[in-house]
Amino acid sequence: GACMTPPNLCFVMELCETSLFSMLHKEGVQFSTYEATQIALDVASAMEYLHAQSPPIVHRDIKSHNVLKSYNGSYKICDFGLVKNKNITAGTPCYMAPELLSNKFFNKSVDVYSFGVLVCEIFDKKLPFHMVGVSDIITRVLDGERPPVPTTASGCPERTQRLIKWCWG
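Report follows, based on the coordinates. (Residues numbered from 1 in each chain as written. Predicted model: local features only at pLDDT ≥ 70, side-chain atom pairs only at ≥ 80, totals over all residues. Heavy atoms only, no water.)

**With respect to the pattern of salt bridges**
Item 1. Scanning the model with the defined rule gives three salt bridges in all.
Item 2. Between glutamate 14 and lysine 76 there is a salt bridge whose closest N-O contact spans 3.0 Å. In this pair, glutamate 14 sits in the loop between strand 2 (10-11) and strand 3 (16-19) while lysine 76 sits in strand 5 (residues 75-77), placing the two residues 62 residues apart along the sequence.
Item 3. Aspartate 61 is paired through a salt bridge with lysine 63; the nearest N and O atoms lie 3.7 Å apart. (Salt bridge = Lys/Arg side-chain N within 4 Å of Asp/Glu carboxyl O. Helix = DSSP H or I, 4+ residues; strand = E, 2+ residues; numbered from the N terminus.)

**Comments concerning the packing of helix 2 (residues 33-52) against helix 4 (residues 109-124)**
Item 1. It is the contact of helix 2 with helix 4, at a shortest axis distance of 10 Å, that shows an interaxial angle of 165°. As far as their axial angle goes, helix 4 and helix 2 are roughly antiparallel. Here the hand of the crossing between helix 2 and helix 4 comes out right-handed. Residues Thr33, Ala36, Thr37, Ile39, Ala40, Val43, Ala44, Met47 and His51 of helix 2 pack against Asp111, Val112, Phe115, Leu118, Val119, Ile122 and Phe123 of helix 4.
Item 2. For the contact of helix 2 with helix 4, a count of residues per class yields 12 nonpolar, three polar and one charged. (Axes fitted to C-alpha atoms, helices over the stretch in contact; angles between N-to-C directions. Parallel < 35°, antiparallel > 145°, perpendicular 65-115°, else oblique. Left-handed = near helix turned anticlockwise from the far one by under 90°. Contact = heavy atoms within 4.5 Å. Nonpolar A, V, L, I, M, F, W, Y, C, P; charged D, E, K, R; others polar.)

**Quick look at the packing of aromatic side chains**
Item 1. The tally for this structure, following the rule as stated, stands at one aromatic pair.
Item 2. Seen in terms of ring centroids, tyrosine 113 and tryptophan 168 are 6.3 Å apart; in terms of plane orientation they differ by 45°. Their pairing is tilted. With tyrosine 113 in helix 4 and tryptophan 168 in the segment after helix 6 (158-167), this residue pair connects regions lying 55 residues apart in the sequence. The pair formed by tyrosine 113 and tryptophan 168 is uniform in burial state, with each residue classed as buried. (Phe/Tyr/Trp six-rings, centres within 6.5 Å; stacked < 30°, edge-to-face > 60°. Buried < 20%, exposed > 50% of the residue type's maximum accessible area, 1.4 Å probe, protein only.)

**As for the environment of glutamate 48**
Item 1. Note that glutamate 48 resides in helix 2.
Item 2. On the accessibility criterion, glutamate 48 (59% relative accessible area) is exposed.
Item 3. Here the alpha-carbon distance between glutamate 48 and methionine 23, two residues 25 residues apart in the chain, equals 24 Å.

See below:
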């Protein structure tokens, strides 16, 4: 549900069990290839819905912190705080697309880019650009550097590796 009456704007969703970030980095949950793929599919389905709206809803902060596991086992996107934010550079730098980091016009492709980073994180359990300062992240991403694509040895199918690279266009 939602309240669309200013100043009490709010979005209400079901109570969820935990965040994907907690599962990956605090609880040490090990996902099978099937489970990891299903998580990515749930997030992609949510993005497809958001991007199909008129006008498209661009989330701008797709990351493991903003993916929640519901009690029925499905995964949902949360935290829509940047959807209407006018500050282009707002977001989480290690997941942000180059056009956001360089303060340029953006569209729904910035969510696709972040999704590619998220899929890497799901399969290799590593935070993107971990322990790298914001200015270094900006420089690296603008120079074309991306997080390492997970390998088949880490359970990431070749098709998923190609998808990740496609997300980064």
